[in-house]
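# Structural features, examined
The lines below spell out each chain.
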Amino acid sequence: MTTTTTPAARVLDAIATLEPEAGLFAPGAVTWHCFDEVEAPTVPDTIETVRAIRSVVPDFAMTAARTSPPVDGVSWARYVITGTLPDGTTFRAPAAMAVYVDDAGRVVRLEEFVDTAQLAGLFAALG
């Protein structure tokens, strides 16, 4: 995991630990994924989704993270989603996340971009 304190790094840390730091997310923060174009509340939905994924794929991780400080209210994270499926096969999917912050530095929106074809095994395992 990255050691910087960019908003994107803080979000990746919250996902890795399943415990967002106090004040990280603004009330009403939403998460959007490119593959379904649905907005959902970031807290608790995003954390609960990762918790559900880890119940099937315990080694699910976002590795090789690189983040950037906010420019015009957007901090970027680039990372690789990895894990081992119950049948022993592994998956790897490069991804990017735009982390939108308000004037107080709180996250108001996440937008994740990933090729779902590379995650087909994960989606199948999740049912």
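Rules and cut-offs
- Residues numbered from 1 in each chain as written.
- Predicted model: local features only at pLDDT ≥ 70, side-chain atom pairs only at ≥ 80, totals over all residues.
- Heavy atoms only, no water.
- Helix = DSSP H or I, 4+ residues; strand = E, 2+ residues; numbered from the N terminus.
- Buried < 20%, exposed > 50% of the residue type's maximum accessible area, 1.4 Å probe, protein only.
- Polar contact = N/O pair within 3.5 Å; in protein donor to acceptor, adjacent residues only side chain to side chain.
- Contact = heavy atoms within 4.5 Å.
- Pairing = 2+ DSSP bridges.
- Axes fitted to C-alpha atoms, helices over the stretch in contact; angles between N-to-C directions.
- Parallel < 35°, antiparallel > 145°, perpendicular 65-115°, else oblique.
- Left-handed = near helix turned anticlockwise from the far one by under 90°.

### Let's talk about the side chain of Thr31
Within the secondary structure, Thr31 sits in strand β1 (residues 25–33). The buried category is assigned to Thr31, whose relative accessible area is 5%. A distance of 2.8 Å separates the side chain of Thr31 from the side chain of Thr42, its partner in a polar contact. Discounting residues that sit within four places of it in the chain, Thr31 has contacts with Val38, Glu39, Ala40, Thr42, Thr46 and Leu110.

### Here's the deal with the sheet that holds strand β2 (residues 39–41)
A sheet is described by the order of its strands in space; here six strands give the open sequence β2-β1-β6-β5-β4-β3, paired in mixed fashion. Of all the strands in the sheet, just β2 and β3 (61–67) have a single pairing partner and so form its edges. Direction aside, neighbouring strands of the sheet carry axes that sit 25 degrees apart on average. Where β1 meets strand β6 (residues 107–114), five bridges bridge the pair, whose relative direction is parallel. The residue of β6 that forms the bridge with Val30 is Arg109.

### Re the pairing of β3
Of the strand pairs in this sheet, β3 and strand β4 (residues 74–84) are connected by five bridges, and their pairing is antiparallel. The partner of Ala61 across the bridge, within β4, is Thr82. Two successive antiparallel strands, β3 and β4, enclose a turn made up of six residues, where Asp72 displays a positive phi of approximately 50 degrees.

### A look at the packing of helix α1 (residues 7–17) against helix α2 (residues 42–56)
Between α1 and α2, the shortest axis-to-axis distance is 9 Å and the interhelical angle comes to 45 degrees. One way to sum up the angle between α1 and α2 is to call them oblique. Of the two elements, α1 crosses α2, and the hand of that crossing is right-handed. Residue-level inspection shows Ala14, Ile15 and Ala16 of α1 in contact with α2, the latter providing Ile47, Val50 and Arg54.

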